[in-house]
Amino acid sequence: MSTVRLDPLLLQCLRIRSRSKQTKLSYLNYSPPKLAFNGGSFYNFKPRTVPVLRASSTTDTATLEISEASEVTFQKSFTLRRTQTVEGKVSVKLEQGKDEENWRLTVGCNLPGKWVLHWGVNYIDEVGSEWDQPPPEMRPPGSVPMKDYAIETPLKNLLSTSEGKTFHELQINFNTRSSIATINFVLKDKETGAWCQHKGRDFKVPLMDYLHKDSNLIGNKKGFSIWSGALGQLSAMLLKPEKSQPKDQDDNSEPMDTKQKNRNLEGFCEEHSILKEVRVENYMTVSVAKSPEKDKNVVRLETDLPGDVVVHWGVCTDNDRRWEIPAGPHPPGTKIYKKMALQTLLQPKEDGYGSWGLFYLDKKLMGFLFVLNLNDKTWLNYTGSDFYIPLSNASSFAKNDSSIHEGAGSSSVGVSGKTKEASTTASDAADPDGIINEIRNLVSDISSEKSRKTKSKEWHEYILQEIEKLAAEAYSIFRGSSPAFVEESTAETETLKSPAEALKPPAKVCSGTGSGYEILCQGFNWESHKSRRWYVELKEKVNELASLGFTVIWLPPPTESVSPEGYMPKDLYNLNSRYGNMEELKILVKSFHEVGIKVLGDVVLNHRCAQYQNKNGVWNIFGGKLNWDDRAVVADDPHFQGRGNKSSGDNFHAAPNIDHSQDFVREDLKGWLCWLRKEIGYDGWRLDFVRGFWGGYVKDYLEASGPYFAVGEYWDSLSYKYGELAHNQDAHRQRIIDWINATNGTAGAFDVTTKGILHDAIGRCQYWRLSDQKGKPPGVVGWWPSRAVTFIENHDTGSTQGHWRFPGGKEMQGYAYILTHPGTPAVFYDHIFSHYWSEISALLSLRHRMNVHCRSTVQIAKAENDVYAAIIDEKLAMKIGPGHYEPPSGPQRWSLALQGNDYKVWESL
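Residues numbered from 1 in each chain as written. Predicted model: local features only at pLDDT ≥ 70, side-chain atom pairs only at ≥ 80, totals over all residues. Heavy atoms only, no water.

A.B. asks: Is there a simple way to explain the overall build of the chain in this structure?
C.D. replies: Along its length, the chain carries 16 helices and 42 strands. Going through the 909 residues of the chain one by one, you find that 57% of them count as buried. (Helix = DSSP H or I, 4+ residues; strand = E, 2+ residues; numbered from the N terminus. Buried < 20%, exposed > 50% of the residue type's maximum accessible area, 1.4 Å probe, protein only.)

A.B. asks: What's the story with the packing of helix α14 (residues 811–818) against helix α16 (residues 837–849) in this structure? I'm lost.
C.D. replies: Relative orientation and spacing of two packed helices are given, respectively, by the angle between their axes and the distance between those axes. The N-to-C vectors of α14 and α16 enclose an angle of 10°; their axes lie 10 Å apart at closest approach. It follows from the interaxial angle that α14 and α16 lie roughly parallel. Residue-level inspection shows Met812, Tyr815, Ala816 and Ile818 of α14 in contact with α16, the latter providing Glu839, Ile840, Leu843 and Arg847. Class assignment for the residues of the contact of α14 with α16 results in six nonpolar, no polar and two charged. (Axes fitted to C-alpha atoms, helices over the stretch in contact; angles between N-to-C directions. Parallel < 35°, antiparallel > 145°, perpendicular 65-115°, else oblique. Contact = heavy atoms within 4.5 Å. Nonpolar A, V, L, I, M, F, W, Y, C, P; charged D, E, K, R; others polar.)

A.B. asks: Any chance you could explain helix α13 (residues 752–763) here in plain terms?
C.D. replies: Residue pairs three or four apart in sequence face the same way in an α-helix, which turns once every 3.6 residues. In a regular helix each residue adds 1.5 Å, so twelve residues correspond to 16 Å; α13 covers 16 Å between its end C-alpha atoms and thus fits that length. Within α13, twelve of the twelve residues are buried, which leaves the element mostly enclosed by the surrounding structure. Turning to α13, its buried residues number three or more, namely Val752, Thr753, Thr754, Lys755, Gly756, Ile757, Leu758, His759, Asp760, Ala761, Ile762 and Gly763. The inward-facing, buried residues of α13 contact β11 (180–189), β34 (724–725), α12 (730–742), β35 (748–750), α14 and β40 (876–880). Where α13 terminates, the next one or two residues include cysteine 765, which has phi positive at roughly 55°. (Expected span 1.5 Å × (residues − 1).)

A.B. asks: Where do I start with the pattern of salt bridges in this structure?
C.D. replies: One side chain can pair with another of opposite charge once the charged atoms of both are near each other. Enumeration over the complete set of coordinates arrives at 31 salt bridges. Here arginine 735 and aspartate 716 are joined by a salt bridge, their closest N and O atoms 2.6 Å apart. A residue pair is termed long-range when its members are at least 10 positions apart, and arginine 735 in helix α12 and aspartate 716 in the loop between β32 (709–712) and β33 (720–721) qualify at 19 residues. Taking relative accessible area as the criterion, arginine 735 reaches 16% and is therefore assigned buried. Given a relative accessible area of 2%, aspartate 716 falls into the buried group. If you follow the salt bridges from partner to partner, you end up with Asp663, Arg666, Glu667, Lys670 and Asp700 in one network. (Salt bridge = Lys/Arg side-chain N within 4 Å of Asp/Glu carboxyl O.)

A.B. asks: Please clarify how unusual backbone geometry should be interpreted in this entry.
C.D. replies: Across the chain, the bulk of peptide bonds are trans and the bulk of non-glycine residues have phi less than zero. Cis geometry is found at the peptide bond from glycine 328 to proline 329, where omega equals 5°. In this model, asparagine 744 sits at a positive phi of 65°, which is unusual for a non-glycine residue. On the secondary structure map, asparagine 744 appears in the loop between α12 and β35. Owing to a relative accessible area of 54%, asparagine 744 belongs among the exposed residues under this scheme.

A.B. asks: What am I meant to see in the sheet that holds strand β42 (residues 903–908) here?
C.D. replies: Paired through backbone hydrogen bonds, the strands of a sheet run either parallel or antiparallel to each other. Overall, antiparallel pairing links the five strands, which are arranged β38-β39-β40-β42-β41 in an open sheet. Of all strands in the sheet, those with a lone pairing partner are β38 (858–863) and β41 (894–900), marking the two edges. Between one strand axis and the next, the sheet turns by 15° as a mean value, whatever way the strands run. As defined by bridge partners, β40 adjoins β42 across five bridges and the pair is classed as antiparallel. Looking across to β42, one finds that isoleucine 880 is bridged to tyrosine 903. In the packing of α14 onto the sheet, contacts are made with β39 (868–872), β40 and β42, and the angle to β40 comes to roughly 155°. Across the sheet, α16 is in contact with β40, β41 and β42; its angle to β41 comes to roughly 150°. (Pairing = 2+ DSSP bridges.)

A.B. asks: Sorry if this is basic, but what is going on with the environment of histidine 529 here?
C.D. replies: Looking at where histidine 529 falls in the secondary structure, it is placed in the loop between β26 (520–522) and α7 (534–539). Taking relative accessible area as the criterion, histidine 529 reaches 9% and is therefore assigned buried. Through-space distance from the C-alpha of histidine 529 to that of proline 564 is 6.6 Å; in sequence the pair is 35 residues apart. Not counting chain neighbours up to four residues away, the residues in contact with histidine 529 comprise Pro564, Glu565, Arg578 and Tyr579. Side-chain polar atoms of histidine 529 contact the side chain of glutamate 565, separated by 3.4 Å. (Polar contact = N/O pair within 3.5 Å; in protein donor to acceptor, adjacent residues only side chain to side chain.)

A.B. asks: It is not clear to me how the sheet that holds β32 should be interpreted in this structure. Could you clarify?
C.D. replies: The strand order β26-β27-β28-β31-β32-β35-β36-β37 describes a closed barrel built from eight strands, whose pairing is parallel. Within the sheet, the average angular offset between the axes of one strand and its neighbour, ignoring direction, is 30°. Pairing analysis gives two bridges linking β35 to strand β36 (residues 788–790), with the strands arranged parallel. Bridging from a neighbouring strand, phenylalanine 750 pairs with valine 789 of β36. This element, α12, spans β32 and β35 of the sheet and lies at about 150° to β35.

A.B. asks: I tried to follow the packing of aromatic side chains on my own but got confused; where do I start?
C.D. replies: For any two aromatic rings, the description comes down to two numbers: the centre-to-centre distance and the angle of the planes. Evaluated as defined, the whole model comprises 24 aromatic pairs. With centroids separated by 5.8 Å and ring planes inclined at 75°, the aromatic side chains of phenylalanine 622 and tryptophan 628 adopt a geometry described as edge-to-face. The same class applies to phenylalanine 622 and to tryptophan 628, which are both buried. Where tryptophan 715 meets phenylalanine 791, the ring centres are 6.2 Å apart and the plane angle is 50°; that geometry is what we call tilted. Placement of tryptophan 715 in the loop between β32 and β33 and of phenylalanine 791 in the loop between β36 and α14 is noted, with a sequence separation of 76 residues between them. The same class applies to tryptophan 715 as to phenylalanine 791, namely buried. Linked through ring pairs, Phe524, Tyr535, Trp554, Tyr579, Trp715, Phe750, Phe791 and Trp804 together constitute an aromatic cluster. Positioned over the ring face of tyrosine 388 is arginine 321, at 3.8 Å from the centre of the ring. (Phe/Tyr/Trp six-rings, centres within 6.5 Å; stacked < 30°, edge-to-face > 60°. Lys NZ or Arg CZ within 6 Å of the ring centre and 35° of its normal.)

A.B. asks: Help me understand α12 in this model?
C.D. replies: Here α12 spans 18 Å end to end across 13 residues, near enough to the 18 Å set by a 1.5 Å rise per residue. Buried within α12 we find Asp730, His732, Arg733, Gln734, Arg735, Ile736, Ile737, Trp739 and Ile740. One or two residues past the end of α12 sits asparagine 744, with phi positive at roughly 65°.

A.B. asks: Even after reading the chapter, I still don't get the pairing of β11, so can you show me in this structure?
C.D. replies: On a regular strand, one side chain projects to one face of the sheet and the next to the other, so that they alternate. Of all ten residues in β11, ten are buried; the element is thus mostly enclosed. Note that strand β6 (residues 115–123) and β11 share nine bridges and pair antiparallel. Looking at β11, one finds that asparagine 122 is bridged to threonine 182. Where β11 and strand β12 (residues 194–196) come together, three bridges link them in antiparallel fashion. Bridging across to β12, lysine 188 finds its partner in tryptophan 195.

A.B. asks: I would appreciate a short explanation of the nonpolar core in the present structure.
C.D. replies: In a soluble, globular protein the nonpolar side chains are often hidden away together inside. In terms of nonpolar packing, the biggest core is built from 117 residues, with Leu545, Leu555, Phe592, Tyr815 and Ile880 touching the most fellow members. Apart from residues no more than four positions distant in its own chain, phenylalanine 592 is found in contact with Leu538, Val542, Leu545, Ile553, Leu555, Ile597 and Val599. Core analysis: the next-biggest nonpolar cluster, separate from the first, contains 31 residues, Val90, Cys196, Phe203 and Ile274 among them. (Core = buried A, V, L, I, M, F, W, Y, C linked by side-chain atoms within 4.5 Å.)

A.B. asks: Would you explain the confidence of the model for the chain in this entry?
C.D. replies: Reading fine detail from the predicted coordinates is not recommended where pLDDT is low. In the predicted model, the chain carries a mean pLDDT of 77, and 71% of its residues have values of at least 70. Residue range residues 221–261 is modelled with pLDDT below 50. Its contacts to residues more than four positions away, or to other chains, number 86 contacts. Within the model, the stretch residues 394–432 combines pLDDT values under 50 with 165 contacts to residues more than four positions away or in other chains. (pLDDT = per-residue confidence, 0-100.)

A.B. asks: Whenever I open this one, the side chain of serine 719 confuses me. Can you help?
C.D. replies: Along the polypeptide, serine 719 turns up in the loop between β32 and β33. The class of serine 719 is buried, set by a relative accessible area of 18%. Other than its neighbours up to four places away in sequence, serine 719 contacts Glu724, Leu725, Ala726, Asn728 and Gln729.

A.B. asks: Whenever I open this one, the pairing of strand β16 (residues 296–303) confuses me. Can you help?
C.D. replies: Among the eight residues in β16, eight count as buried, and that is most of the element. Here β16 shows no split at all, with Lys296, Val298, Arg300 and Glu302 on one side and Asn297, Val299, Leu301 and Thr303 on the other all buried. Sheet topology places strand β15 (residues 268–290) next to β16; seven bridges connect them, and they run antiparallel. Along β16, the bridge assignment pairs lysine 290 with asparagine 297. Bridging between β16 and strand β21 (residues 355–362) involves eight bridges; their strand directions are antiparallel. Among the inter-strand pairings, threonine 303 is bridged to a residue of β21, identified as serine 355.

In structure tokens:
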């Protein structure tokens, strides 16, 4: 599923990646961006000159007046990094040139970027085949051949005088006497690596009338539309379609056939909407000043965020940081949000750039809590948690507070959510001494006689949970001092089984990788639910998948769900889903078992949709067999008014986040997983959105249900510098490894790091990225290969969602990499049943034949601009990229086993 969130990765520009399904809110994650500001100066608030504000005693509202400066007890500037979606247009115009035989195709784009047209043609006698290169006379200047199948041509920058913006355009001239049937293209932004497609596929411009039956063709509507935006100069014109005459059948210079007679071109002009994610950086300055006349604190917020900014806020009276509504007066226009928080619209600055607000609070309060709401679906918070501003003895308190402390400079504020992005920067690392002091204070509190008498059992449990989190944070700091990972042990390697033995699972499995020889198939895509009989349809392909060599298949979420794809579960014991009913699922699982394929169930444990509302109208009461109340919902998600404890991970704000610290929740979920194992026959789990709860709970669930294989979806953003993917992704893969460690190694994780690096390496011809600073593979597979599940596409990134689509036409390079390297490779359903079938089949067969497994050794032979090459287990050699590589000659002899578009694989004789 993913968020996201956004990554903030730059994803495919057709849609926004919200690490989640389409029903999720856009609760963004932090990602290192390009510096981009929304007008005005970056920092307008002068340090330590915060005005003291007086409240009028004659009114119920806080009428604040600026007076002389007073003592500032707290001041901090936060950097707000977010992803902003910009909508633009791809314009396509077909028009007649200087005569009836010569025509022109013009492709334009009005979004900023470094745009390149990746294009090719289909010839009349090869309709439906792969792309072909156009004839040399058709190629505009600056065109670069992409092997033998396509051309890449940069678009020219044109300044639109009507709007003062840059418009990108490319013209392709062609002659109707040629045998070209269609011109195919996609747009690529070289700055981000994002691809713009048409309905998830290529743009296809038909040059033959008989082709118009294809629903993916553009220009089917005859006539012209009016171009807007950067083509404003054409807005006063309505272009009329011109028709070219059929070719003279007596012309002997070029053979004619029945297809050629159908060439009857009509001009057209169309615009197609596209979305591009742009990284934007803003700031938020928070200061606390003492009022000299009253027992009050004045909190001032100032930001350069554009548009209406609503502060969703409250206060706390002790270290629990539980939200409370303070007594009035409140800022003008403040509204009460569901009796649990206040919402105040910040006031616009006089210069029009940004907004500000003042909050007049009693000094007896401990802290000021808030999050920012930019619109109904976009929230900004602090590294996945609420902003917390200390009010009581703020200066000293901040020194020991792990959520506020930082080194020199300002901190980075994360934007939490699916699309799955990095959480904090190094400047946000907590002070180890502060953490130790916090742990000591908490231990002292729980052990004191007074505490034992006055505090409830729930309070003691809460303190223990906080100690667990602080200990985990201290451990992460210890590990973060240098790249940390778990090396494969010799004992573990010695337990590997042969492929024949792999079909027999051990009596007790303590590894997340089964036998080590697994090859995983994702057995569905984003559209599979639409037939409502997917289980029946997939059963027809069981033997074919077995013949290809798959050993494990991942099936879609089986439960009743608010969203048809299954990722918003409701009644967990109701297995009648959009994919089919419970009996059809059991038959399908049994069919896979009969051919020796293990089956993974896709289980969503992080969140659950409620059946009933509480007294405040909030959906947080559950029905069905697991009829939980709001104690099962975490307390720190402002949307669902949970009465549980704080979340142990990132919140998924589209549905109530389950509090796994509750004993009854864990026991119920363990019972449900065991029931699925027994009743349905699942052999293991694909765990959705595991970033939302502590990996130790996953360990508990897996030990109870005893899966043969388990893999978690821990998804966040890779590291970027100035819009470019950073070479060093150690921090990203470390976060995945830390989660695997938290499960005690009982589960593997999808190697998102490897996928992201393969994107840039293959898409931008930067194959040097595929080697880290120590000469190892740069993803999780380079540090802990037995727990790395490698992949290039899934239902979120590919399919019809296309949130982070692999570079088009280069998928087989990706498969040549993951199917020859260690780790557990996963192959996407859409790629299996496509024109890649035979190539994927050959790679699978070779992996089995050469006994490549999850702990195989890798010796990187080349990692240069245009080629990557490696030798695996000293018996298999491979290379990807257009550059040259041959295995070394010597005592060891090599035979070319497979080759395809920019990849080769050799086996040792």
